[in-house]
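The residues making up each chain are set out below.
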Amino acid sequence: MDTAKIASIAGKVALDFFVPGYMKAAYSALSSSQDEVRAAESKGLATLEEEAKKQRIVMEFQAHQARVAQELAIAERIAASHEVVIEEYYDGSGKGHLGLKTDGEAISVGASGEGRRVTKRVIRFNGWGAHPIPADDA
């Protein structure tokens, strides 16, 4: 048995033993998407562009699912904590301007924009509070 095969087997064992299930799913999804991109590369530019569009849509969907899962995990931790401190700041303001000017001989078009984004989210959990079991789960 060669060293590459041994390293591959050792990597799979370590992955199964040390890596949580959600990380295995992410690893598998990345590996699968890379295989799909390689297959699309060999079929030409149009197929590759279609695959890229599909991958973008899938990634947006997975990002949305990850945000929902994160919020659910935070809610569960809040319910089980003795003390919770949450500070959130969000600001997504912006301005834009588009202009057109003519002086008889020339036409000028201009655009400008300005944006500001402030984001801060701090959530602190202290201890484990009494977490009552709902009546329908008991």
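Relevant structure appears above.
All of these numbers come straight from a predicted model, not from anything done at the bench. (Residues numbered from 1 in each chain as written. Predicted model: local features only at pLDDT ≥ 70, side-chain atom pairs only at ≥ 80, totals over all residues. Heavy atoms only, no water.)

Novice: Just checking my understanding: could you explain the environment of Ser81 for this structure?
Specialist: With respect to the helices and strands, Ser81 occurs in strand E1 (residues 81-91). Of the polar contacts made by the side chain of Ser81, one reaches the backbone oxygen of Arg77; its length is 2.6 Å. (Helix = DSSP H or I, 4+ residues; strand = E, 2+ residues; numbered from the N terminus. Polar contact = N/O pair within 3.5 Å; in protein donor to acceptor, adjacent residues only side chain to side chain.)

Novice: Help me out: how do you make sense of the environment of Val37 in this one?
Specialist: Along the chain, Val37 falls in helix H2 (residues 21-41). Sequence separation between Val37 and Thr47 is 10 residues, and the spatial gap between their C-alpha atoms is 9.3 Å. Dropping the residues within four chain positions of it, Val37 is found in contact with Leu48, Glu51 and Gln55. (Contact = heavy atoms within 4.5 Å.)

Novice: Just to check I follow, could you spell out the side chain of Gln55 for this structure?
Specialist: As for its position among the elements, Gln55 is in helix H3 (residues 45-80). Setting aside residues no more than four positions away along its own chain, Gln55 makes contact with Ser33, Glu36 and Val37.

Novice: Can you walk me through a nonpolar patch on the surface in this structure?
Specialist: Together, Ile78, Val84 and Ile86 make up a nonpolar patch on the protein surface, roughly 200 Å² of accessible area in all. Tracing the sequence through the fold places Ile78 in helix H3. Here Ile78 falls in the partly exposed class, since its relative accessible area comes to 32%. (Patch = residues over 30% accessible without salt bridge, like charges linked within 9 Å, V, L, I, M, F, W, Y side chains within 5 Å. Areas by Shrake-Rupley, 256 points an atom, 1.4 Å probe, with all protein chains shown as cover. Salt bridge = Lys/Arg side-chain N within 4 Å of Asp/Glu carboxyl O. Buried < 20%, exposed > 50% of the residue type's maximum accessible area, 1.4 Å probe, protein only.)

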